[in-house]
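The lines below spell out each chain.
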Amino acid sequence: MLARKSIIPEEYVLARIAAENLRKPRIRDRPRKARFIAKNGACNLAHKNIREQGRFLQDIFTTLVDLKWRHTLVIFTMSFLCSWLLFAMMWWLVAFAHGDMDPSTESAANSTKWTPCVTCVRSFTSAFLFSIEVQVTIGFGGRMMTEECPLAITVLILQNIVGLIINAVMLGCIFMKTAQAHRRAETLIFSRQAVIAVRNGKLCFMFRVGDLRKSMIISASVRIQVVRKTTTPEGEVIPIHQVDIPVDNPLESNNIFLVAPLIICHVIDKRSPLYDISASDLALQDLELIVILEGVVETTGITTQARTSYIAEEILWGHRFVPIVTEEEGVYAVDYSKFGNTVKVAAPRCSARELDEKPSILIQTLQKSELSHQNSLRKRNSMRRNNSIRRNNSMRRTNPSLMVPKVQFITPEGSQSASET
């Protein structure tokens, strides 16, 4: 508005806007790549256009276990209600065919020795109540079977068998849903970020894993896979190309003793897909590292699996995890508040291939880091020394009592000289 009123020249406003745009360049964010495995371990995959839906019914028990809880409870309730109604209809037909529903038979039963198939079944409601008593084995005692109808005995046997099958399937399904292995995996945690640093003279990819429960995971093993989009020399595009990468373990087996949080290390060598990637190339890479932890739950004996993934933005180059296990009064204590904390360390910015070809790069990096560390210590010490001197001077100015008194010295000639000590 000021430029429009000619208070400020328009050329000055345009020049200022251009200077501000130069100072603050616009950075266009790269479109975020869809993750194959989410941080909580869920697979980011949608199944579409499945034409053979009948295959799910061939494995009905697994289908019931995989359903959501609300669907399982609806099926559980409807299966019992439908079975009770079905056999209630059968008991009503048996009673109707035998004549138990005829009002005249009630007076005949009181005067003669006429016996009904099921006592006290006079309507469909009473037949429904008797069906529930038979299948759930309640037995209130008002309605009971007699030896009059062999067909009723057959229906009783059939209903008992069907009721046992329904109980076994539905209770087994609910037990499996409550004891699923992924519930135990909720207490297996991974660090939010992974790091790349030098360990034992080699560039290593590292992340931290821990278990929050005291009950251990038996025979726990860790696998790492790299998922990336690749193109073969023939031109075939593979959207999800999986490559296994080895995990550095001093033991012969791949099992780990997960009694406390551990740092899992992968040495970036010639076998690693990260061998040719440098620090500057890491942000441009379209890759995802999937971590899979498998083991047997100690309390239930069920095999569990916990998963997570790291994309390029979640890998810190030149960082290291801080230690979180300390010994306090004879007990090893784990501070989970520092579980994902990292610190900067000296690490070459080149790839592992360049580091293998020129080992002097690592030596130069470590020397530069040592020099910078020493310089920082010197600066810190000098700053502390200067601060202490300034503090003492300020205290002397503010407190006259701290001033050193003047002492007079008498010479043999009798002259007096004043000096300050």
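Please read these numbers as outputs of a predicted model, since none were measured by experiment. (Residues numbered from 1 in each chain as written. Predicted model: local features only at pLDDT ≥ 70, side-chain atom pairs only at ≥ 80, totals over all residues. Heavy atoms only, no water.)

1. Section: the layout of surface pockets
Which entries qualify depends on this criterion: In this analysis, the protein atoms alone were mapped onto a 1 Å grid. Cavities are point sets where a 1.4 Å probe fits without being able to get out; pockets are open sets with protein on both sides within 12 Å along at least five of seven lines; lining residues have an atom within 4 Å of a point. Grid points are joined across faces, edges and corners, and a volume is the space filled by probe spheres set on the points. Segments assigned H or I by DSSP are reported as helices when at least four residues long, segments assigned E as strands when at least two residues long, and all are numbered from the N terminus. In the scheme used here, Gly and all other residues not listed as nonpolar or charged are polar, with Ala, Val, Leu, Ile, Met, Phe, Trp, Tyr, Cys and Pro taken as nonpolar and Asp, Glu, Lys and Arg as charged.
Estimates place the volume of the largest pocket at around 420 Å³. Asn40, Gly41, Ala185, Glu186 and Arg307 are, among the 17 residues lining the largest pocket, the residues nearest its centre. Of all the elements in the fold, those that place two or more residues in the lining of the largest pocket are α8 (181-184), β1 (188-190) and β9 (303-311). A per-element tally of the lining of the largest pocket places β9 first, with four residues. Tallied by class, residues from the lining of the largest pocket come to seven nonpolar, six polar and four charged. Empty space within the second largest pocket amounts to approximately 300 Å³. Along the walls of the second largest pocket sit 13 residues, with Val65, Asp66, Lys177, Gln180 and His182 positioned nearest its centre. Per element, the largest residue contribution to the lining of the second largest pocket is three residues, and it comes from α8. Residue classes in the lining of the second largest pocket are distributed as seven nonpolar, two polar and four charged.

2. Examining the UniProt feature "transmembrane region" (unreviewed entry) in the protein chain
Rules: UniProt positions are given in the numbering used here, feature names are shortened, and annotations may be inferred rather than shown by experiment.
Following the UniProt record, one finds the feature "transmembrane region" (unreviewed entry) at residues 73-94 and 151-175. Annotated as 100% helix and 0% strand, the span residues 73-94 places its first and last C-alpha atoms 32 Å apart. Between the C-alpha atoms that bound residues 151-175 there is a distance of 36 Å. The span itself is 100% helix and 0% strand.

3. A look at the pattern of salt bridges
Note on pairing: side chains with opposite charge can pair once their charged atoms come close. Definition in use: Within this document, salt bridges are pairs made up of a side-chain nitrogen of Lys or Arg and a carboxyl oxygen of Asp or Glu, the two lying within 4 Å of each other. Burial here depends on accessible area, computed with a 1.4 Å probe over protein chains only, as a share of the maximum for the residue type. Under 20% is buried, over 50% is exposed, and the range in between is partly exposed.
Taken as a whole, this structure holds seven salt bridges when the rule is applied. A salt bridge links Glu314 to Arg35; its shortest N-O distance comes to 2.8 Å. Taken together, the residues span a long stretch of sequence, with Glu314 in the loop between β9 and β10 (315-317) and Arg35 in the loop between α1 (10-23) and α2 (54-58) at a distance of 279 residues. No difference in accessibility class separates Glu314 from Arg35, as the two residues are buried. Across the salt bridge formed by Asp276 and Arg353, the nearest N and O atoms sit 2.4 Å from each other. With Asp276 in the loop between β7 (262-267) and α9 (279-282) and Arg353 in helix α10 (residues 352-357), this pair connects stretches of sequence that are 77 residues apart. Via salt bridges that share partners, Arg35, Lys39 and Glu314 belong to a single interconnected network.

4. A closer look at the state of the cysteines
Spelled out, the test is: Disulfides are defined as pairs of cysteine sulfur atoms found within 2.5 Å of each other.
Scanning all chains against the criterion turns up one disulfide. Here Cys117 is linked by a disulfide to Cys149, with a sulfur-sulfur distance of 1.6 Å. Between Cys117 and Cys149 the disulfide shows an S-S torsion of about -45 degrees. By sign, it is left-handed. With Cys117 in the loop between α5 (103-111) and α6 (124-136) and Cys149 in the loop between α6 and α7 (150-178), this residue pair connects regions lying 32 residues apart in the sequence. By relative accessible area, Cys117 is classed as buried at 1%. In this model Cys204 remains outside any disulfide bridge; the closest cysteine sulfur is found in Cys265, 3.5 Å from its own.

5. As for the packing of α6 against α7
Rules: Axis lines are fitted through C-alpha atoms, for helices just across the contact stretch, and the angle between N-to-C directions can take any value from 0 to 180 degrees. Between 65 and 115 degrees an angle is taken as roughly perpendicular, under 35 as roughly parallel, over 145 as roughly antiparallel, and anywhere else as oblique. In this scheme the handedness of a crossing depends on how the near helix is turned from the far one: anticlockwise by less than a right angle means left-handed, clockwise means right-handed. Contact criterion: two residues are considered in contact whenever any of their non-hydrogen atoms come within 4.5 Å of each other.
Relative orientation of the contacting elements α6 and α7 amounts to 60 degrees, with a least axis distance of 9 Å. When the interaxial angle is binned, α6 and α7 end up oblique. The way α6 lies across α7 gives a crossing that is right-handed. In this structure, α6 uses Ser131, Val134 and Gln135 to contact α7, whose residues at the interface are Leu156, Gln159, Asn160, Gly163 and Ile166. Taken together, the residues of the contact of α6 with α7 sort by class into three nonpolar, five polar and no charged.

6. Considering α7
How we decide: By this rule, a helix spans an expected 1.5 Å times one less than how many residues it contains.
Between the first and last C-alpha of α7 there are 43 Å, a value that for 29 residues agrees with the 42 Å anticipated at 1.5 Å per step. Of all the positions in α7, only Ala152, Val155, Gln159, Gly163, Ile166, Met170, Cys173 and Lys177 are classed as buried. Buried residues in α7 make contact with α3 (60-66), α4 (69-98) and α6.

7. A closer look at α4
Each full turn of the α-helix corresponds to 3.6 residues, which orients residues three or four apart in the same direction. The terminal C-alpha atoms of α4 lie 44 Å apart, and with 30 residues this matches the ideal 44 Å at 1.5 Å per residue to within 8%. The set of residues buried in α4 consists of Thr72, Phe80, Ser83, Trp84, Phe87, Ala88, Trp91, Val94 and Ala95. In this structure, the buried side of α4 is in contact with α3, α6 and α7.

8. Some remarks on the pairing of strand β8 (residues 287-297)
Counted only if it meets this: Each pair of strands is called paired provided DSSP finds at least two bridges between the two strands.
The buried fraction of β8 amounts to nine of the eleven residues, a majority that puts the element mostly inside the structure. As paired strands, strand β4 (residues 217-231) and β8 are joined by ten bridges and run antiparallel to one another. The partner of Val227 across the bridge, within β8, is Glu288. In terms of strand pairing, β8 meets β9 through nine bridges, oriented antiparallel. Its bridge partner being in β9, Ile290 is matched across the sheet by Ser309. What sits between the antiparallel neighbours β8 and β9 is a turn of five residues, in which Gly301 has the positive phi angle 75 degrees.

9. So, the packing of α4 against α6
Orientation of α4 relative to α6, taken along the N-to-C sense of each, is 120 degrees, at an axis distance of 8 Å. The angle between α4 and α6 falls in the class oblique. The handedness of the crossing between α4 and α6 is right-handed. Where α4 approaches α6, its residues Phe80, Ser83, Trp84, Leu85, Phe87, Ala88, Met89, Trp91 and Trp92 are matched on the opposing element by Phe124, Ala127, Phe128, Phe130, Ser131, Ile132, Gln135 and Val136. When its residues are assigned to classes, the contact of α4 with α6 shows 14 nonpolar, three polar and no charged.

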